[in-house]
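One letter stands for each residue in the lines below.
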Amino acid sequence: MNNLIKRTLFGALYVGLVVTSILVDPIFFGVLFLFVTIYSIYEYHHLVASSKMVSILSMVLGGILFASVWVLHFYQSLPLRGIGYMAAGYLVLLMLALMLPMKQGVDTTPSAWAHILISQVMIALPFTLMNSILDDGKYILLALFITIWINDTGAYVVGCSTAKLPKGNHKMSPHISPNKSWEGLFGGFAFALLVGFVFYKVGWLPCLWKALVMCLGIAIAGTFGDLAESAFKRSIGVKDSGNFLPGHGGALDRFDSLLLAAPLLYVILLIL
């Protein structure tokens, strides 16, 4: 299959699943992103060559964290004691996961601890916070994804257009992401502000200045999330984090912008 056709088909599938999971039912969303959370943690530990037991425990930990918050928001008939048991189980497993590297030797323990904590704080937690954002309103969570997609598209269009100028464009960080330019960066931000205005006009976000702040914040955080993941992959010498979505790379490649954008949006919603 032609690579462009493959990217288009699987890209459409990806967008369709995400949008449908947000709009249709929290159960659909929970099942889809529980899987994405666990698989993303698997990808990370595979990339850093963690032991099998540490990888499994990290995936279970991430799954418990995501499921606990999902239950708290969308399955409130469960007694608080049940949620407490899940929280206690998470803490016990976290301590066990942090103890396991000690068996492998003192020299490997600090790095193993770092990888375990990174998998929870930088991967599981951002996905988990999307449950809270969805509880605030499905169109707010949908706005998060659309803003990221529009920002990426705007950056690509402006970056490619300015690259054709006689003197080309100005590269942001050639050693991390050779194709990203400052012109594309600000072009993406402009598109994000435009889509924020659209969200306000269609009634998804009731206040114009809050909509603009939210979308610009998502665009900035999403861009740095993308750059951070690119820097991480270059540091270990890989092009893609995996083959989660044919033609698009791994789960971390597809959701890297969310790893910083979702927590920032959560904080913005708390403040505003």
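As a starting point, this report considers the structure included with it. Note that this is a predicted model, so its numbers are computed, not measured.

Quantified by volume, the largest pocket comes out at close to 1,600 Å³. Surrounding the largest pocket, 48 residues form its lining, Arg-7, Asp-152, Lys-180, Asp-226 and Arg-254 being those nearest its centre. Mapped by element, the contributors of at least two residues to the lining of the largest pocket are α1 (3-24), α6 (138-163), β1 (171-173), β2 (177-181), α7 (182-202), α8 (208-236) and α9 (251-255). Here the element with the most residues in the lining of the largest pocket is α6; it accounts for 11 residues. For the lining of the largest pocket, a count of residues per class yields 17 nonpolar, 18 polar and 13 charged. Taken as a whole, the second largest pocket holds about 220 Å³ of empty space. Contributing to the lining of the second largest pocket are Tyr-44, Ile-118, Met-122, Ile-123, Gly-225, Ala-228, Glu-229, Phe-232, Leu-252, Asp-256, Leu-259 and Leu-260. When residues of the lining of the second largest pocket are assigned to their parent elements, the largest contribution, 4 residues, is made by α8. Within the lining of the second largest pocket, the residues separate by chemical class into 9 nonpolar, 1 polar and 2 charged.

Turning our attention to the side chain of Ser-241. You can see Ser-241 is positioned in the loop between α8 and α9. For Ser-241, a relative accessible area of 5% corresponds to the buried category. Of note is the side chain of Ser-241, whose polar atom sits 2.9 Å from the side chain of Glu-43. In this structure Ser-241 touches Glu-43, Leu-47, Glu-229, Lys-233, Gly-250, Ala-251, Leu-252 and Asp-253, once residues within four positions along its chain are discounted.

For the rest of this paragraph, the subject is the packing of helix α5 (residues 109-136) against helix α10 (residues 258-271). The axes of two packed helices give the description: the angle between them and the distance between them. Packing of α5 against α10 brings their axes to within 8 Å, and their N-to-C directions diverge by 40 degrees. Relative to α10, α5 is oriented oblique. Where α5 crosses over α10, the handedness of that crossing is left-handed. Taken together, the residues of α10 that come into contact with α5 (itself represented by Met-122, Ile-123, Pro-126, Phe-127, Leu-129, Met-130, Ser-132, Ile-133 and Asp-136) are Leu-258, Leu-259, Leu-260, Ala-262, Pro-263, Leu-265, Tyr-266 and Leu-269. Class assignment of the residues belonging to the contact of α5 with α10 gives a composition of 15 nonpolar, 1 polar and 1 charged.

What counts as what
Residues numbered from 1 in each chain as written. Predicted model: local features only at pLDDT ≥ 70, side-chain atom pairs only at ≥ 80, totals over all residues. Heavy atoms only, no water. 1 Å grid on protein atoms, 1.4 Å probe; cavity = no way out; pocket = protein on both sides within 12 Å on 5 of 7 lines; lining within 4 Å. Points joined across faces, edges and corners; volume = space filled by probe spheres on them. Helix = DSSP H or I, 4+ residues; strand = E, 2+ residues; numbered from the N terminus. Nonpolar A, V, L, I, M, F, W, Y, C, P; charged D, E, K, R; others polar. Buried < 20%, exposed > 50% of the residue type's maximum accessible area, 1.4 Å probe, protein only. Polar contact = N/O pair within 3.5 Å; in protein donor to acceptor, adjacent residues only side chain to side chain. Contact = heavy atoms within 4.5 Å. Axes fitted to C-alpha atoms, helices over the stretch in contact; angles between N-to-C directions. Parallel < 35°, antiparallel > 145°, perpendicular 65-115°, else oblique. Left-handed = near helix turned anticlockwise from the far one by under 90°.

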